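Tertiary structure, described
Residues per chain, in single letters:
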Amino acid sequence: MTDPGKRPYHSDLRATQARRTRAQIVAAAAELFVANGYAATTVEAVAAAAGVSRKTVFSSAGSKAALIRLAYDQATAGDDEPVPLQRRPAIQALEAEPDPARMLAGFADLLTGIHGRIARLHVALTVAAGSDAEARTQCEELERQRAAAMRRPATLISRRGALRRGLTIATAADILWLHSDPVLYHQLVHKRQWTPAQFRDWLTLALQRQLLR
């Protein structure tokens, strides 16, 4: 007779193993997307790189479009914890910062770290969106999310009475949206050989000058 007391343990073990397998698949997919591009990366190649079967890739992570989205989301967060960015301590600390200049400096630092992880994936996804409908859908959704997210810091700056004269919250959000594009990091750091610190400092100054009184 099976001991009911052992079931939670076995269930937790299976969940841990499944999460580990999924992370292994997503990491392998991310490397292949960056190295070879989206079109040239097959589910079979991901399976081989992750050391699992093709069936396991689909059951654990989904289609190729789902894989690149998972890779993108995990790179953005820096882990695979199911916690939205807005609920993470780094974001909450930024939103609680009373000084708008320091808040934007922290925002630039946060973006620099995120872009260091996602810029090449972003380029791969953007290129794929030109010819793949699923990738285009993912890309468009990410852009909508990024645009919506920028309204929050713009609103906080406005509430603190620090928004540059003549700027509306909507325009400030658009400026933040433009400067939060991972392509900027890719162009300046990966192509022009800026250091991440140079990029962070430039972004800090650009945002402070354009948004604050």
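Please refer to the structure placed before this passage.
Residues numbered from 1 in each chain as written. Predicted model: local features only at pLDDT ≥ 70, side-chain atom pairs only at ≥ 80, totals over all residues. Heavy atoms only, no water.

Digging into the overall build of the protein
We apply this condition: We count a stretch as a helix when DSSP gives it H or I for four or more residues in a row; a strand needs E for two or more, and each element gets its number in order from the N terminus. Summary of the burial criterion: residues with accessible area below 20% of their type's maximum are buried, those above 50% are exposed, and those between are partly exposed, where the area comes from a 1.4 Å probe applied to protein chains only. Note on definitions: a residue-residue contact is assigned when non-hydrogen atoms from the two residues lie within 4.5 Å. Throughout, the Shrake-Rupley method with a 1.4 Å probe supplies accessible areas, and for residues the shown protein chains are the sole cover considered.
The number of helices and strands found in the protein is 11 helices and zero strands. In sequence order, the secondary structure elements of the protein are arranged as α-α-α-α-α-α-α-α-α-α-α. Structurally, the protein occupies a C-alpha span of about 70 × 45 × 30 Å along its principal axes. Residues classed as buried in the protein amount to 38% of the 213 residues present. In the protein, once contacts between residues fewer than 6 apart in sequence are set aside, the share between residues at least 24 apart is 66%. By element, 55% of the accessible surface of the protein is carried by carbon and sulfur atoms, the whole surface being about 11,900 Å².

Things to note about the layout of surface pockets
Over the atoms rolls a probe the size of a water molecule, and in doing so it shows where empty space is left. For clarity, the cut-off: Cavities and pockets are found on a 1 Å grid laid over the protein atoms alone: a cavity is a set of points where a 1.4 Å probe fits but cannot escape, a pocket is an open set with protein on both sides within 12 Å along at least five of seven lines, and a lining residue has an atom within 4 Å of such a point. Grid points are joined across faces, edges and corners, and a volume is the space filled by probe spheres set on the points. Think of it as three bins: nonpolar holds Ala, Val, Leu, Ile, Met, Phe, Trp, Tyr, Cys and Pro, charged holds Asp, Glu, Lys and Arg, and polar takes everything else, Gly as well.
Its boundaries defined by the atoms lining it, the largest pocket holds a volume of some 1,100 Å³. Forming the boundary of the largest pocket are 41 residues, of which T76, P84, L85, Q86 and I114 lie nearest the centre. The leading source of residues in the lining of the largest pocket is helix α6 (residues 100-129), at eight residues. Within the lining of the largest pocket, the residues separate by chemical class into 22 nonpolar, seven polar and 12 charged. In this model, the second largest pocket occupies a volume close to 220 Å³. In terms of lining residues, the second largest pocket is bounded by 16 residues, among which A71, Q74, A75, R117 and L121 are the most central. Where the lining of the second largest pocket is concerned, the elements lending two or more residues are α1 (7-36), α4 (64-77) and α6. Among the elements that make up the lining of the second largest pocket, the one with the highest residue count is α6 (six residues).

Taken by themselves, the reported measurements are silent on function.
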